[in-house]
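Report on the structure
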Amino acid sequence: MAPAAAKEIWAVGRRKTSVARVKIKEGSGKITVNHKDIKEYLQNRKSIIDEAIRPLTLLNVTDKYDLNLNVSGGGITGQVGAIRHALARAICRIKPEFRPAVKKEGFLTRDPRMVERKKYGLHKARRGTQFSKR
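As the structure is a computational prediction, the values presented were derived from the model and not from experiment. (Residues numbered from 1 in each chain as written. Predicted model: local features only at pLDDT ≥ 70, side-chain atom pairs only at ≥ 80, totals over all residues. Heavy atoms only, no water.)

This next bit is on the overall build of the protein chain. The secondary structure content of the protein chain amounts to five helices and five strands. Counting helices and strands in the order they occur from the N terminus, the protein chain gives β-β-β-β-α-α-α-β-α-α. In terms of C-alpha radius of gyration, the protein chain reaches 19 Å, well past the compact-globule figure of 14 Å for 134 residues. C-alpha extents for the protein chain along the principal axes are approximately 85 × 30 × 25 Å. (Helix = DSSP H or I, 4+ residues; strand = E, 2+ residues; numbered from the N terminus. Rg over C-alpha atoms; globule rule 2.2 N^0.38 Å.)

In structure tokens form, the structure reads like this:
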């Protein structure tokens, strides 16, 4: 009889206008983002990659799980924040005892800061026209 399939956990992370969906399962530490290796997707920038997988490095489980990420929207910074948020949520669903350490670092909090929309009659979101006396 074949061994039981490794259980997969799904989680969603968000930051600004970016959304990251992660499928996490036990494995060897392979990380795929939008069908590419994470180093290829994030242009091999070590600091950005380290920030994205910080929840895993905090708990020393980088080589225990395979990650399959689907990221959309925003720029690189927003996407990295969304990946970090998704990984933190997924790790907490796999092992609830990881939750206090991840929560203490602030990885479970969604960063709500977004660009404010431009309003009618203004130059930018809040910038009005310049006053001219004459």
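There is more to say, and it comes next.
Moving on to the pattern of salt bridges. For the structure shown, the criterion picks out nine salt bridges. In this structure, Arg54 and Glu105 form a salt bridge, with 3.7 Å as the shortest nitrogen-oxygen distance. One end of the pair, Arg54, is in helix α3 (residues 54-58); the other, Glu105, is in helix α5 (residues 99-105), with 51 residues separating them in the sequence. Each member of the salt-bridge network shares a partner with another, and the members are Glu51, Arg54, Arg84 and Glu105. (Salt bridge = Lys/Arg side-chain N within 4 Å of Asp/Glu carboxyl O.)

All right, on to unusual backbone geometry then. Here His35, not a glycine, exhibits a phi torsion of approximately 65 degrees, which is positive. Take His35: it is sitting in the loop between β3 (31-33) and β4 (36-37). The residue Asn44 is not glycine, and still its phi comes out positive at about 55 degrees. Residue classification places Asn44 among the exposed residues on the basis of a relative accessible area of 54%. (Buried < 20%, exposed > 50% of the residue type's maximum accessible area, 1.4 Å probe, protein only.)

What follows concerns the environment of His123. Here His123 lies in the segment after α5. For the pair His123 and Ala11, spaced 112 residues apart in the sequence, the C-alpha separation amounts to 39 Å.

Judged by pairing direction, the sheet is mixed, and its five strands sit side by side in the order β1-β2-β5-β3-β4 without closing on themselves. Sheet topology places β1 (9-15) and β4 at the edges, where each strand pairs with a single neighbour. Relative to β4, β3 runs antiparallel, the two sharing two bridges. For Val33, the partnering residue across the bridge sits in β4 and is Lys36. Contacting β1, β2 (18-26) and β5 (65-72), helix α4 (residues 76-94) crosses the sheet at an angle of about 145 degrees to β1. (Pairing = 2+ DSSP bridges. Contact = heavy atoms within 4.5 Å. Axes fitted to C-alpha atoms, helices over the stretch in contact; angles between N-to-C directions.)

What follows deals with α4. The terminal C-alpha atoms of α4 lie 27 Å apart, and with 19 residues this matches the ideal 27 Å at 1.5 Å per residue to within 8%. Along α4, 14 of the 19 residues are buried, which leaves the element largely enclosed by surrounding structure. (Expected span 1.5 Å × (residues − 1).)

On to the pairing of β1. The two faces of β1 differ: Ile9, Ala11, Gly13 and Arg15 on one face are buried, but Trp10, Val12 and Arg14 on the other face are not. In terms of strand pairing, β1 meets β2 through seven bridges, oriented antiparallel. Paired with Trp10 across the bridge in β2 is Lys23. Hairpin connection between β1 and β2: a loop of two residues separates the two successive antiparallel strands, and Lys16 in this loop has a positive phi of roughly 50 degrees.

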